[in-house]
Amino acid sequence: MESCLNASKAQQETSIDGIRVIDEKRKVLNYNSRFAEMWGIPEELIQTFDDRKLLDYILPFLKDAEEFISKVEYLYENRYETSKDEILLNDRRIFDRFTGPVLLPEGIPYARIWYFRDVTESHRLKQELRDLSLNDELTGLYNRRGFLTFAQQQIKIADRTKKEMMLFFVDMDDLKLINDNLGHHTGDMAIKETALVLRETFRDSDVIARFGGDEFAVLVSDASVDSENILKERLSKNIESHNEQANRSYKLSISVGTAVYDPAQPYYLDDLIGKADAFMYEQKMGKKRV
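Owing to the predicted nature of the structure, the values given are computational and were not obtained by experimental measurement.

S.K.: When you look at the overall build of the chain in this model, what are you seeing that I'm missing?
M.R.: A count of helical and extended segments in the chain gives 11 helices and 9 strands. For the chain, the C-alpha radius of gyration of 29 Å lies well beyond 19 Å, the compact-globule estimate for 290 residues. Each principal axis of the C-alpha atoms in the chain carries an extent, and together these give about 90 × 50 × 30 Å. Residues classed as buried in the chain amount to 41% of the 290 residues present. Long-range pairs, those at least 24 residues apart, make up 57% of the contacts in the chain between residues at least 6 apart in sequence. Surface accessibility of the chain: about 16600 Å² in total, with carbon and sulfur atoms responsible for 51%. Between the centroid of the 41 positive side chains of the chain and the centroid of its 52 negative side chains there is a distance of 1 Å.

So this is what it looks like as structure tokens:
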């Protein structure tokens, strides 16, 4: 058995996982340097070969120490069980944890092996990909896909609670002129400023999105026709406040269309967007006729 452990020790040192092997008396039979490195365990502590002391050292680093130690004790009591889960650390790292029994030739467990892998970076990259798929890179608002995803969730809630919602469809006026006369960098600044105005006007709980180009949409939960004028007035005041700032090279202007979602007479989200878009277009055309 000792020669097997020595052979596996050499293999473990080449692993990207932190590994430790614990016998039934809670003595450390084997570990690799990656395990000590991941947890920052001092050499003198790990050389005690006392698993309980190692656990006492590790616990303060964990988000949920109680759950961690409870799982450990359960697995030591249930010798044949395997387990895989994730551990959150206070410093925001994330470790994958896998454990299973080490068996004698006759199939009887004599130890338990633990593997820890730092998956923080892969989680960060996955989150970035999710954000890119649902968020507009320029403004940080939801993009069209993000809006449709979360708006559908809000519609289900409205249908269940029987509360109306209101959709604002917003189009920037004269963005092409800003791009042509002042450059696309300034045009991007105008887009980001419009996004800021929408954030200032609406609640965090509302679904705010840039549909693309100069178009934005906001789905306001628990709002009815009675809320329309209040929200439009607040939006107008916030636009004016930005335009009153000194040393501006352009003026913000938007056209707005609205549509109410009534759970008593439900219809598709695309139809709600189409209705608000049509009212927005009417307002924009009205400005051009003046």
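Okay, back to it.
S.K.: Is there a simple way to explain the side chain of Asp173 in this structure?
M.R.: Along the chain, Asp173 falls in the loop between strand 6 (165-172) and helix 8 (175-182). Among the residues examined, Asp173 registers a relative accessible area of 9% and is labelled buried. Here Ser253 takes part through its side chain, which lies 2.7 Å from a polar atom of the side chain of Asp173. Looking at Asp173, its side chain comes within polar contact range of the side chain of Lys284, at 2.6 Å.

S.K.: Where do I start with the packing of aromatic side chains in this structure?
M.R.: What describes a pair of aromatic rings is the distance from one ring centre to the other and the angle between the planes of the rings. Applying the stated criterion across every chain yields a total of 11 aromatic pairs. With a centroid separation of 5.1 Å and an interplanar angle of 90 degrees, the aromatic rings of Trp39 and Phe95 are classed as edge-to-face. In this pair, Trp39 sits in helix 2 (residues 33-39) while Phe95 sits in strand 4 (residues 94-103), placing the two residues 56 residues apart along the sequence. Here the aromatic cluster, defined as three or more aromatic residues joined through ring pairs, consists of Phe35, Trp39, Phe95 and Phe116. Positioned over the ring face of Tyr250 is Arg248, at 4.8 Å from the centre of the ring.

S.K.: Just to check I follow, could you spell out the nonpolar core for this structure?
M.R.: General note: in soluble globular proteins, nonpolar side chains tend to be found buried as a group. One finds Phe168, Ala190, Leu198, Phe202, Phe216, Val218 and Val220 to be the most contacted residues of the largest nonpolar core, which totals 26 residues. Counting residues per element, this core draws most heavily on helix 9 (residues 184-201), which supplies 5 residues. Leave out the neighbours within four places in its chain, and Leu198 touches Val170, Ile208, Phe216, Val218 and Leu235. Among the nonpolar cores identified, the runner-up in size contains 23 residues, and Ile22, Leu54, Ile58 and Leu75 belong to it.

S.K.: Is there a simple way to explain the layout of surface pockets in this structure?
M.R.: If a probe as big as a water molecule is rolled over the atoms, it shows which places are left empty. The calculated volume of the largest pocket comes to roughly 180 Å³. For the largest pocket, the full set of lining residues is Asp171, Met172, Asp173, Asp174, Leu175, Lys176, Asp214, Ser253, Lys284, Met285, Lys287 and Lys288. Elements with a minimum of two residues in the lining of the largest pocket: strand 6, helix 8 and helix 11 (269-289). Examining the composition of the lining of the largest pocket, we find that 4 residues originate from one element, helix 11, more than from any other. Considered class by class, the residues forming the lining of the largest pocket number 3 nonpolar, 1 polar and 8 charged.

Conventions used here
- Residues numbered from 1 in each chain as written.
- Predicted model: local features only at pLDDT ≥ 70, side-chain atom pairs only at ≥ 80, totals over all residues.
- Heavy atoms only, no water.
- Helix = DSSP H or I, 4+ residues; strand = E, 2+ residues; numbered from the N terminus.
- Rg over C-alpha atoms; globule rule 2.2 N^0.38 Å.
- Buried < 20%, exposed > 50% of the residue type's maximum accessible area, 1.4 Å probe, protein only.
- Contact = heavy atoms within 4.5 Å.
- Areas by Shrake-Rupley, 256 points an atom, 1.4 Å probe, with all protein chains shown as cover.
- Lys, Arg positive; Asp, Glu negative; His and termini not counted.
- Charge placed at Lys NZ, Arg CZ, Asp CG, Glu CD.
- Polar contact = N/O pair within 3.5 Å; in protein donor to acceptor, adjacent residues only side chain to side chain.
- Phe/Tyr/Trp six-rings, centres within 6.5 Å; stacked < 30°, edge-to-face > 60°.
- Lys NZ or Arg CZ within 6 Å of the ring centre and 35° of its normal.
- Core = buried A, V, L, I, M, F, W, Y, C linked by side-chain atoms within 4.5 Å.
- 1 Å grid on protein atoms, 1.4 Å probe; cavity = no way out; pocket = protein on both sides within 12 Å on 5 of 7 lines; lining within 4 Å.
- Points joined across faces, edges and corners; volume = space filled by probe spheres on them.
- Nonpolar A, V, L, I, M, F, W, Y, C, P; charged D, E, K, R; others polar.

Bear in mind that shape data such as this cannot, by itself, settle questions of function.
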